[in-house]
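So the chains spell out like this:
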Amino acid sequence: MTEPIYSWLYVQQGVDAVKAAMGRRMEDEAGCSLLEHVALYQLHHNGGRLQMSELVELLDVSPSGITRLIERLVKRGWVTREQPPDNRRLVIAVLTQEGEEACLGTTARVYRASLAEEFTGLLNERDLADLRRIGRKLLEGHGRWDVKRFAPSESSDSSEQ
């Protein structure tokens, strides 16, 4: 009876611990937050342009949180905002050349190193395969599996993020 709750708590708290460790390293070594890097990656992966509402869904952040996040990226020169003249309610975040360089350079290097140390370095190949299978099953079960979230090829290594 208690086993399912422990499974949930172990996964939830394990992910939180990895994210916290990766976040500290991103701040210390890349000078940006983990969420800022993931936003840059999502923009890069999705053609350099996403509606703010799409970023809300992809990053699982509130609309006001996305507004603050994008504002920080705009101040760094990594993102610009566009609004079509015929629809002022629509806001599009656009990756700049400087943002692309940051995403593919320093922030990606630190992200990959921290992912290797804080996550994959603690697991074996079977653990990783099980997590991919379980994660996809959960996403599909909740209608959240889509290509915008992940690398173009399911077989490609998500550590490119």
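Residues numbered from 1 in each chain as written. Predicted model: local features only at pLDDT ≥ 70, side-chain atom pairs only at ≥ 80, totals over all residues. Heavy atoms only, no water.

Take unusual backbone geometry next. Non-glycine residue Asp60 carries a positive phi angle of around 55°. You can see Asp60 is positioned in the loop between α3 (52-59) and α4 (63-76). (Helix = DSSP H or I, 4+ residues; strand = E, 2+ residues; numbered from the N terminus.)

Across the sheet, which stays open at both edges, the three strands sit in the order β1-β3-β2 with antiparallel pairing between neighbours. Strands at the two margins of the open sheet, each flanked by one partner only, are β1 (49-51) and β2 (79-82). Between one strand and the next, the sheet's axes are offset by a mean angle of 25°, whatever the strand orientation. The sheet contact formed by β1 and strand β3 (residues 92-95) spans three bridges and is antiparallel. The partner of Gln51 across the bridge, within β3, is Ile92. Each of β1, β2 and β3 touches helix α2 (residues 34-45); the most contacted strand, β3, lies at about 90° to it. (Pairing = 2+ DSSP bridges. Axes fitted to C-alpha atoms, helices over the stretch in contact; angles between N-to-C directions. Contact = heavy atoms within 4.5 Å.)

Attention now goes to the confidence of the model for the protein chain. For the protein chain, per-residue confidence averages 90 on the pLDDT scale, and residues scoring 70 or more make up 91% of the total. Every residue in residues 153-160 scores below 50 in pLDDT, and together they form eight contacts with partners more than four places removed in sequence or on other chains. (pLDDT = per-residue confidence, 0-100.)

Our focus in this paragraph is the packing of aromatic side chains. Within a pair of aromatic rings, the relevant descriptors are the distance that separates the centres and the angle that separates the planes. Under the definition given, this model contains one aromatic pair. When the ring of Tyr6 is compared with that of Tyr10, the centres are 6.2 Å apart and the planes differ by 35°; the resulting orientation is tilted. Pair noted here: Tyr6 and Tyr10 are both in helix α1 (residues 3-30), with a separation of four residues, about one helical turn. (Phe/Tyr/Trp six-rings, centres within 6.5 Å; stacked < 30°, edge-to-face > 60°.)

Turning our eyes to something else, we now look at the packing of α2 against helix α6 (residues 106-118). Put simply, α2 and α6 touch, their axes get as near as 10 Å, and they point 115° apart. The chirality of how α2 crosses α6 is left-handed. Residues Leu34, His37 and Val38 of α2 lie in contact with α6, whose contacting residues are Thr107, Ala108 and Tyr111. A breakdown of the residues in the contact of α2 with α6 according to their chemical character gives four nonpolar, two polar and no charged. (Left-handed = near helix turned anticlockwise from the far one by under 90°. Nonpolar A, V, L, I, M, F, W, Y, C, P; charged D, E, K, R; others polar.)

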